[in-house]
Amino acid sequence: MKKIKLFLLGFSLVFLTGCNLFGLELQENYDFDDSLYDPHTNMSVMEYMRSLPEQYSSMVEAIEYAEMENSFSNSDYTFLVLTNDACTSYFKANKLKNPDYKPGVDNPVKEYFIPSSWKDYKKETVQEFLKYHILLGYYNWENLNSTSKDWIKTSSYVENSPADTCLVLMEVLYQEATLGGCHIYLNNWEGVEPDVEGTMPIKSKVEPVHSSIFCTDGLIHVLDTYLKAPKKVVIDFYNYEIK
């Protein structure tokens, strides 16, 4: 009996250490939700997000406002789902001009305001933003290239347009479970030369907080920061294959 208990304890430790190896990191700062341990949700992408409003209510609002629910349902696509914190960071970084601001009368700090809802933005702006978070293909730790990076087309990518930068740079890093297991990185670049205007592209590196969540109509990677399309100089500098 003692041997059986020791075996089960050892197995549990290995399982918990290797959770990230199978695409999901251990959940933190939330009540226990075993759907984040089992990557198969048995729900659609929209159903999954709606089942966790404390995490994804803002993303759901954006999709509904943009009238793009059908766009977030495709078993051949990968969806980069944003947490509420990620959406809030977008609001803070993309302030809007206050239509009631009176120059010379009001305090200059009131000239712009931080939106509290996606409905404060033009619908076309939200649509383009969401399209960049839809990858044209099924990409998880199983089929990503472990020896190189790949530029992945998004749903806003225009074919045969040399100026188009609506691509996401993806890579996977395999490590032993004791070192954190498998890691997927998005838009990971640094050391890029300045563009023709002398502007140095900002360094970037995004890792999903939860990766490879399988829904009935698509694959999900959850991000706690939103993605920005790279500048042309970044794509030229990192001359990887476009998929």
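These notes cover the structure that comes with them.

Conventions we followed
Residues numbered from 1 in each chain as written. Predicted model: local features only at pLDDT ≥ 70, side-chain atom pairs only at ≥ 80, totals over all residues. Heavy atoms only, no water. Core = buried A, V, L, I, M, F, W, Y, C linked by side-chain atoms within 4.5 Å. Buried < 20%, exposed > 50% of the residue type's maximum accessible area, 1.4 Å probe, protein only. Helix = DSSP H or I, 4+ residues; strand = E, 2+ residues; numbered from the N terminus. Contact = heavy atoms within 4.5 Å. Pairing = 2+ DSSP bridges. Axes fitted to C-alpha atoms, helices over the stretch in contact; angles between N-to-C directions. Arc of directions from axis to C-beta. Lys, Arg positive; Asp, Glu negative; His and termini not counted. Salt bridge = Lys/Arg side-chain N within 4 Å of Asp/Glu carboxyl O. Polar contact = N/O pair within 3.5 Å; in protein donor to acceptor, adjacent residues only side chain to side chain. Phe/Tyr/Trp six-rings, centres within 6.5 Å; stacked < 30°, edge-to-face > 60°. Lys NZ or Arg CZ within 6 Å of the ring centre and 35° of its normal.

1. Considering the nonpolar core
Generally speaking, soluble globular proteins have nonpolar side chains that are buried together. Counting 58 residues, the largest nonpolar core has Met49, Phe72, Trp118, Leu130, Met170 and Leu186 as its most contacted members. For this core, the element with the most residues is helix α3 (residues 53-65), which contributes 6 residues. Discounting residues that sit within four places of it in the chain, Met170 has contacts with Leu135, Tyr139, Leu144, Lys149, Asp150, Ile152, Ile184, Tyr185, Leu186 and His221.

2. A look at unusual backbone geometry
One non-glycine residue with positive phi stands out, namely Glu67, at about 55 degrees. At Asn187, a position not held by glycine, the phi torsion is positive, near 45 degrees. Structurally, Asn187 can be placed in strand β7 (residues 183-189). Judged by its relative accessible area of 1%, Asn187 falls in the buried class.

3. As for the sheet that holds strand β4 (residues 134-135)
Read from one edge to the other, the open sheet built from 4 strands follows the order β4-β1-β10-β9, with strand pairing classed as mixed. The sheet terminates laterally at β4 and β9 (210-215), the two strands that pair on one side only. Packing against the sheet, α3 makes contact with β1 (78-82) and β10 (218-223), and its axis sits at approximately 110 degrees to β1.

4. Examining helix α4 (residues 84-93)
It helps to recall that an α-helix has 3.6 residues per turn; residues three or four apart then point in one direction. Buried within α4 we find Asn84, Ala86, Cys87, Tyr90 and Phe91. Take α4 and look down its axis: the buried residues cluster within an arc of 160 degrees, on one side only. Counted as exposed and oriented over 90 degrees from the buried face of α4: Asp85 and Lys92. Looking at the buried positions of α4, the neighbouring elements they touch are α3, β1, α5 (123-131) and β10.

5. Considering the side chain of Asp217
Within the secondary structure, Asp217 is located in the loop between β9 and β10. Put simply, Asp217 is tucked away with no salt bridge, and the nearest opposite charge, on Arg50, sits 9.3 Å away. A distance of 2.7 Å separates a polar atom in the side chain of Asp217 from a polar atom in the side chain of Ser73. Residue contacts for Asp217: discarding those within four places in its chain leaves Ser44, Val45, Phe72, Ser73, Asn74, Ser75 and Phe79.

6. Looking at the packing of aromatic side chains
Tallying each qualifying case throughout the model produces 15 aromatic pairs. For the ring pair Phe91 and Tyr121, a centre distance of 6.1 Å and an interplane angle of 25 degrees mean the geometry is stacked. One end of the pair, Phe91, is in helix α4; the other, Tyr121, is in the loop between β3 (112-113) and α5, and 30 residues separate them in sequence. Look at Phe91 and you get buried, because its relative accessible area is 6%. On the basis of relative accessibility, which here comes to 6%, the residue Tyr121 falls in the buried class. A connected cluster of aromatic rings, assembled from ring pairs, spans Tyr90, Phe91, Trp118, Tyr121, Phe129 and Tyr226. Note that Lys149 overlies the ring of Tyr238, its terminal NZ or CZ placed 5.1 Å from the centroid. Just above the ring of Tyr185 sits the side chain of Lys205; from NZ or CZ to the centre is 4.6 Å.

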